[in-house]
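The chain contents come next:
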Amino acid sequence: MNPLTLLRLSLRVLARNKARGLLTVLGIVIGVAAVIAMVALGTGAQQNIAQQIASLGSNLIVLMPSSNNIGGVRGGGGSMTTLTVDDVDAVKRDVSLVADIAPTNRTNAQVVAGDANWSTSVTGTTPSYYRIRDWQPAAGSVHTELDEAARNKACVIGQTVAKQLFGTDDPVGQTIRIRRMPFRVLGVLAAKGQSPMGGDQDDVVLIPFQTYRQRIAGPQKDNVQFTYASTAQADDTPFAVEEIRAMLRQRHKLREDQEDDVAVRNLQDMANASREVADSMTLLLGSIAGVSLLVGGIGIMNTMLVSVTERTREIGIRMAVGAKSRDILVQFLVEAVVLALIGGAIGVFLGWAAAELLSDTTGWTTVFDPKAAALAFLVSAGVGVFFGFWPARRAAQLDPIEALRYE
Amino acid sequence: MDAVVPPVIEARDLTKIYASGDARVVALGGVTLQVQRGEFVAVVGASGSGKSTFMNLIGLLDRPTGGQLFLDGVDAARLQPDQRATLRNRKLGFVFQGFNLLRRTSALENVELPMLYAGLGAGERHRRAVAALQAVGLGNRLDHLPNQLSGGQQQRVAIARALVNRPALLLADEPTGNLDSATSREILRLFVDLNQDQGITVVMVTHETDVAAVAQRVVQFRDGHVVHDGPPPADWQPAIDRDARGEAA
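This text gives an overview of the structure that appears in the document. In every chain, residue numbers begin from 1 and rise along the written sequence. A letter from A marks each chain and a number from 1 marks each ligand, given out in the order of writing. Restriction of local features to residues with pLDDT of at least 70 applies here, the model being predicted, together with a cutoff of 80 or more for giving and counting side-chain atom pairs; totals for whole chains, interfaces and linings are based on all residues.

Residues and elements named next belong to chain A. Axis definition: a line fitted to C-alpha atoms, limited for helices to the stretch in contact. Angles are taken between N-to-C directions and run from 0 to 180 degrees. A run of DSSP states H or I qualifies as a helix once it reaches four residues; a run of E qualifies as a strand once it reaches two. Both are numbered from the N-terminal end. Interaxial distance between helix α12 (residues 325-362) and helix α13 (residues 370-396) falls to 7 Å at its minimum, and their mutual angle equals 150°. Compared by their axis directions, α12 and α13 come out roughly antiparallel. The chirality of how α12 crosses α13 is right-handed. Just so you know the grouping, Ala, Val, Leu, Ile, Met, Phe, Trp, Tyr, Cys and Pro go in nonpolar, Asp, Glu, Lys and Arg go in charged, and all remaining residues, Gly too, go in polar. Grouping the constituent residues of the contact of α12 with α13 by class yields 22 nonpolar, seven polar and one charged. Here roughly perpendicular refers to angles of 65 to 115 degrees, roughly parallel to angles under 35, roughly antiparallel to angles over 145, and oblique to all remaining angles. Crossings are sorted by hand: turned counterclockwise from the far helix by less than a right angle, the near helix makes the crossing left-handed, and turned clockwise it makes it right-handed.

Next up, the structure:
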């Protein structure tokens, strides 16, 4: 039989039992839909990360206190006090590859303007911060070294804070209160949107680093929670990272066998880390999809076995008029594959629809990958062949006399 | 000419023994038989007489335990299943008691089925199937499904299917068993006409003497052996008159 005849025959047989067919391929539908949606999400997330790296600049370096090790008790990353203002000054002074450096400390505080108040993150940082993060004021200006030197109570606010405290009014020149201290608003920053971790980057109040040390930090005023640094050339960042790391180890008098107490990373490392997270998610969802495809395949096998039994007499008739074993085998195999492919097609469509729905409702970026769709289709066909083979072989090996007599 | 044309069926000492554990059942105990081209043979016998086993063997649905079998000159006793399938397709046409048409498949497509496995093209299949259905008087029922046809019409479709590959032998297994007597006579008339007008060799299994008497030759089985081989006994009244021309069909 030629392929077209076989295909027509299979479609006609399957059309007789639409409900059964659909239930049979449900497993494949779910498996393929999961794969397609997952790949769309994963590709979207990676695209986001890549864009954010591009927007942050690939010459960015971050320094964070990491776990310290005091008498075997290890603290969690970020909570430590191993990075100090002196360390940052030393990096600035002695690491020539570092072009700019901006230590930051932050705390949550209630800020008040008139009768409006808002809980936000108050960050003390140096004017370098605006350069390193390439963050321009949308209105007014940002703070300067003069504000640092004078420890002025001045601030720059993000779009979210401006909206919450002043609504549509112009905040520039107004006064807000942070922990009951009045701060003059110098400017409003341009909108930055979501951070790679999902936070609202515009929900900030920035004040001079020295002001923060004196007025907000309290007893931990010599510690630095987080530091941005940058190099002039993107190619220099790996060398700068090594140099900073070595210098800080020396300053902190760490022995060879001790771990770093300050994490120094460039953004490429961070991107790799988040890609690893994305990859393990992909693996997890992929195995769920794999299990679903397996179950779907078993469903197909079951339905095909029932079909072979139901159609024993048909098989007998076909054999009597001259069908060879191979003809019967191919007929049932094609049926199984067509069944699986229909499931695959529905799955691709549902997966695509799910990805679209997700991106519409949550705002996540999703990217439909035609390669993934083609692969899912191919895998469906493979499932059809694999799980359809045994039932088809049973059909092909029927004894024509028995099959003809079957009621 | 008879010397050149081989017999359609030549069985020599054909045996079929079913062995299950220690029990051996001799279904066919050495049958030697020839059917010449153009003959109309009725095979009769009680159930368990071996006639069904014999039909399965000459229908190439089963393999003999021993002996020799030639079908239209081809040694058919030791063939593999796929070789038997090919030979069934080319040399044999089956007509069954229960019609055995594919359900939910039109008359036309049922008739096309053997040609599908013979590898004929769609155009040729269609042309020959239409001709075959017209020949059995169903030219106006091409697209009917089996359940839209009467029993007699279904059996005609089956006969058209059996003949469409121009086989050497038409094998009919109780072809009138499911039909009323009027329809039975129509179908028998069709067999006789096919045999007389087109020289088609017919071997027909039946247990009814009036049906068997329509044939020129009756082979009777008992306990796995042929106990009678000759013209129908004189006291068997044929269901139809062989020599009256068919007004049905």
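With that settled, consider the interface of chain B and chain A. Two residues qualify as a contact pair if the distance between their C-beta atoms, derived from the backbone, is within 7 Å. Opposite the 19 residues of chain B that make contact, chain A presents 16 residues. Residue assignment for the side of chain B that touches chain A shows that the elements contributing at least two residues are α2 (81-91) and α3 (107-118) of chain B. A per-element tally of the side of chain B that touches chain A places α2(B) first, with six residues. When the residues that make up the side of chain B that touches chain A are grouped by side-chain class, the tally is ten nonpolar, four polar and five charged.

This brings us to the nonpolar core. If you look at the biggest cluster of nonpolar residues, it comprises 127 residues, and the most contacted ones within it are A:I36, A:A336, B:V43 and B:A160. Per element, the largest residue contribution to this core is 14 residues, and it comes from helix α3 (residues 26-56) of chain A. Not counting the four nearest positions on each side in its chain, B:V43 is found in contact with B:K51, B:F54, B:M55, B:V203, B:M204, B:V205, B:V219 and B:F221. For this analysis, nonpolar core means a set of buried Ala, Val, Leu, Ile, Met, Phe, Trp, Tyr and Cys residues linked through C-beta atoms within 7 Å. Around each residue's C-beta, the other C-beta atoms within 10 Å are counted; 20 or more make the residue buried, 12 or fewer make it exposed, and counts in between make it partly exposed. All C-beta atoms are placed from the backbone.

Turning next to the packing of α3(B) against helix α4 (residues 122-135) of chain B. Packed helices, taken two at a time, are described by the angle their axes make and the gap between the axes. All names here are of chain B. Orientation of α3 relative to α4, taken along the N-to-C sense of each, is 120°, at an axis distance of 9 Å. By the angle between their directions, the pair α3 and α4 is classed as oblique. Between α3 and α4 lies a crossing of right-handed hand. From α3, A107, L108, V111, E112, M115 and L116 reach across to α4, where they touch R125, R128, A129, A132 and L133.

Let us look at the sheet that holds strand β7 (residues 169-173) of chain B. Residues and elements named next belong to chain B. Taken together, six strands build an open sheet; the order of strands is β6-β7-β8-β3-β9-β10 and the sheet is mixed. Whereas interior strands pair on both sides, the edge strands pair on one side only; in this sheet they are β6 (92-95) and β10 (225-230). Neighbouring strand axes in the sheet, compared pairwise and without regard to direction, differ in orientation by 20° on average. Whether two strands pair depends on DSSP finding at least two bridges between them. The pairing of strand β3 (residues 40-44) with strand β9 (residues 217-222) spans four bridges and is parallel. Each bridged residue has a counterpart across the sheet, and for V43 the counterpart in β9 is V219.

From the geometry alone we can't say anything about function, so treat these as descriptive.
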